[in-house]
2 protein chains.
Amino acid sequence: MNHPHPHIHAEIPQGDSPILVEVWRGNLVESRHRCIAAVVDADAHVVKSWGDIERPIYGRSSIKPLLAIPLVESGAADRFGLTDREVALACASHSGEPGHVSAVNEWLAKVGLTAEALECGPHYPYYEPAAHDMLRKGETPTRAHNNCSGKHSGFLTTAVHLGEDHRGYIKYEHKVQQRLLGILEQMCGLDLGDVPRGVDGCGIPTIAIPVGHHALGMAKMADGKGLSAARAAASARILKAMSTEPWYVAGTGRFCTDAMKVTGTKAAIKTGAEGVYMGAFPELGLGVCLKIEDGNGRGAELVMGHLLRHFGIIGKDEAEQLQQSLTPTLRNWAGTEVGKIAAANLLNESAPF
Amino acid sequence: MNHPHPHIHAEIPQGDSPILVEVWRGNLVESRHRCIAAVVDADAHVVKSWGDIERPIYGRSSIKPLLAIPLVESGAADRFGLTDREVALACASHSGEPGHVSAVNEWLAKVGLTAEALECGPHYPYYEPAAHDMLRKGETPTRAHNNCSGKHSGFLTTAVHLGEDHRGYIKYEHKVQQRLLGILEQMCGLDLGDVPRGVDGCGIPTIAIPVGHHALGMAKMADGKGLSAARAAASARILKAMSTEPWYVAGTGRFCTDAMKVTGTKAAIKTGAEGVYMGAFPELGLGVCLKIEDGNGRGAELVMGHLLRHFGIIGKDEAEQLQQSLTPTLRNWAGTEVGKIAAANLLNESAPF
């Protein structure tokens, strides 16, 4: 299907998003997470869905693989000799561990820039031991510590390669962002000139796109069908970089990293703020987008883990390796096991094992 | 109504909890929080409700005012010369600021104990500047830093006063916890011997009680009707201690503290984990319990703030002072305003101004 603006329908449109995740404490469900999820192919056929997948959401950091396309497609990555490591960082919400930060600084040096050119605000590393270590040493975070610094380095690299003034590259009107808007329109199959938008945690625009159309964008990355040869090649390289350098996409103990260590190139997955998760399954030519209604990431990881099982990306043995992410045990301050996060019945009904 | 086991009915029983809170980014609602809430009087009459208030929930830390009753009622607080400060700490989820920790240690010294007797696990202070300061100095948290250390000090003080062996006081079978179970049964008007229960973050049992019955327990504290003279006096003293020493109930910048600074003795409110909030309005003789379905506290604060307005506990001027809690502005890492947390229409319909 080559129509540029496909309309994606849910299997069962629903007003209320279904409860897919339950948080147990003792023998009672204490909290519940509702979710919208879509799995589609590159022809915009809905393979699996829950909830109203036509609802617009912000893709947040889950959309980073799509935002990395110009870095590769423009030739910028090749010109500056970037490896899978940097391409993975361009798709990352990294934990700010020393290896992430030094890789970003080394990358920027290749382009003739420093972390001062990054327009994201500084924050302490997400990885607590790294944050505590900095505090003990009296160090304060730089812009390179921002979890989005790899994505921003990709934007800067593309601008430098194309001879654009990079200053203000986070603004909606800047060439960098307008180029990305065009890519999102083509990949997700929608006019986006007049849709709601907001400002993301790192300062760039975030664009409202229906859940199903986000999944379509990821499916086109996974499949390549209907894309120019350059865009299809860029998409394939980005997904491969993520799944072969998964530590650079997130970090120690993070689900994106741990899951891709197990899936290898069968899946490239990416978390985002406010309970969003996206993924591409290249061997199946499928794209995934899911959004927890209330914005809590603990629900999103579990649903993504379920979809990896449902589509045979991981089997029983791999599921056991990822057990602490697929059905996380909850412990209190003393380390006592007090509960678990588990799939609700609606999700379990479609579990293969 | 003096029947010991009242059955509390919702005004409109609902399967799906209603959306009461919306999280905006730019011009789109990005995430939504559903909520069950009950406001009842000491006769178990439901004054206001949303959602299925017969659903059992864990009261978590919101129930601490009820758990402080034995400390005062037994005479332990008087024997050891405790002031409003310590009684407020017994109801606290404090932020671990130096003033909280030293007050706990001084209290335990009065009873002849040290923080070693506390059976809650240590954790860094919730108040980030205090946590960062400790890390910079190379300090590690003690049990007194646990946000529940005041509640635990209350349990220890009561056990010492009554001549009980305090060791193991966090266990369900211990006299301390069995005494509390009896108080919850009487105050909330339910048999609790066979209901679901779990282990709380600090190690003590947490008991499943319907939202409406939690509110009834708070209403009886607020009103005193039907209680023994000793229990009514203990309840009044506890609520007054909370609202006159609000910094000791939570800490710098926390909603419990900031709201009670404004309400004075007209309200005593207490947050809890997993999106629970409870409160007592002594002048109105009302009790409140609310639970965000997904467990996110950012929704709970807003609904509690709305109820303070709805029942005239705070007026327009006070609401303006609490603006950042009632309709919080969201900012990104660079400090740019990116959105807000706001009441959904269903909540706004009952707003007095």
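Further up the page is the structure itself.
The paragraphs below set out a description of the structure included in this document. All figures in this text were calculated on a predicted structure; none of them were measured in a lab.

### Description of the sheet that holds strand S6 (residues 205–210) of chain A
Residues and elements named next belong to chain A. On the basis of which strands lie adjacent, the open sheet formed by three strands has the order S4-S6-S5 and antiparallel pairing. Among the strands making up the open sheet, the edge pair consists of strand S4 (56–58) and strand S5 (197–199). Across the sheet, the axes of successive neighbouring strands diverge by a mean angle of 30°, strand direction being ignored. Bridging between S4 and S6 involves three bridges; their strand directions are antiparallel. Looking at S6, one finds that Tyr58 is bridged to Ala208. Contacting S4 and S6, helix H9 (residues 211–223) runs over the sheet at an angle of about 105° to S6.

### Details of the interface of chain A and chain B
Counting from both sides, the interface comprises 47 residues of chain A and, opposite them, 47 residues of chain B. With both sides pooled, the region where chain A packs onto chain B buries about 3900 Å², and carbon together with sulfur makes up 50% of that total. Between chain A and chain B we count eight salt bridges in total. Of the charged contacts in the structure, one is a salt bridge between B:Glu274 and A:Arg298, with a shortest N-O distance of 2.8 Å. Counting the contacts that link chain A with chain B gives 28 residue pairs in polar contact (both at pLDDT 80 or more). Of all the elements in the fold, those that place two or more residues in the side of chain A that touches chain B are strand S1 (19–25), strand S2 (28–41), S4, helix H6 (128–136), S5 and S6 of chain A. Broken down by element, the side of chain A that touches chain B gets its largest block of residues, six residues, from S2(A). Across the side of chain A that touches chain B, the residue classes tally to 16 nonpolar, 16 polar and 15 charged.

### Topic: the packing of helix H5 (residues 98–110) of chain B against helix H7 (residues 149–161) of chain B
Residues and elements named next belong to chain B. One can describe the packing of H5 onto H7 by two numbers: an axis separation of 10 Å at closest approach and a directional angle of 5°. As summarised for this structure, H5 and H7 are arranged roughly parallel, according to the angle between their axes. Of the residues in H7, those in contact with Val104, Trp107 and Leu108 of H5 are Ser149, Gly150, Ser153, Gly154, Leu156 and Thr157. When its residues are assigned to classes, the contact of H5 with H7 shows four nonpolar, five polar and no charged.

### Side note on the sheet that holds strand S6 (residues 205–210) of chain B
Residues and elements named next belong to chain B. Ordered in space as S4-S6-S5, the three strands form an open sheet in which the pairing is antiparallel. Two strands close off the open sheet at either side, each with one partner strand: strand S4 (56–58) and strand S5 (197–199). Along the sheet, successive strands turn relative to each other by an average axial angle of 30°, direction set aside. Taken together, the three bridges between S5 and S6 define a ladder with antiparallel strand orientation. Bridge pairing links Arg197 to Ile207 in S6. Along the sheet, helix H9 (residues 211–223) makes contact with S4 and S6, crossing S6 at roughly 105°.

### A look at the packing of aromatic side chains
Ring pairs (aromatic) are described by centroid distance and by the angle formed between their planes. Residues and elements named next belong to chain A. Scanning all chains against the criterion turns up eight aromatic pairs over all chains. Note on Phe155 and Tyr169: the rings are 6.3 Å apart at their centroids and 65° apart in plane angle, and the pair reads as edge-to-face. Of this pair, Phe155 sits in helix H7 (residues 149–161) while Tyr169 sits in the loop between H7 and helix H8 (175–188), and the two are 14 residues apart along the sequence. Residue classification places Phe155 among the buried positions, given a relative accessible area of 4%. Ring plane angle 90° and centroid distance 5.0 Å describe the contact between Trp247 and Tyr248, whose orientation is recorded as edge-to-face.

What counts, and at which threshold
Residues numbered from 1 in each chain as written. Chains lettered and ligands numbered in written order. Predicted model: local features only at pLDDT ≥ 70, side-chain atom pairs only at ≥ 80, totals over all residues. Heavy atoms only, no water. Pairing = 2+ DSSP bridges. Helix = DSSP H or I, 4+ residues; strand = E, 2+ residues; numbered from the N terminus. Axes fitted to C-alpha atoms, helices over the stretch in contact; angles between N-to-C directions. Contact = heavy atoms within 4.5 Å. Buried area = accessible area lost by both parts, 1.4 Å probe. Salt bridge = Lys/Arg side-chain N within 4 Å of Asp/Glu carboxyl O. Polar contact = N/O pair within 3.5 Å; in protein donor to acceptor, adjacent residues only side chain to side chain. Nonpolar A, V, L, I, M, F, W, Y, C, P; charged D, E, K, R; others polar. Parallel < 35°, antiparallel > 145°, perpendicular 65-115°, else oblique. Phe/Tyr/Trp six-rings, centres within 6.5 Å; stacked < 30°, edge-to-face > 60°. Buried < 20%, exposed > 50% of the residue type's maximum accessible area, 1.4 Å probe, protein only.

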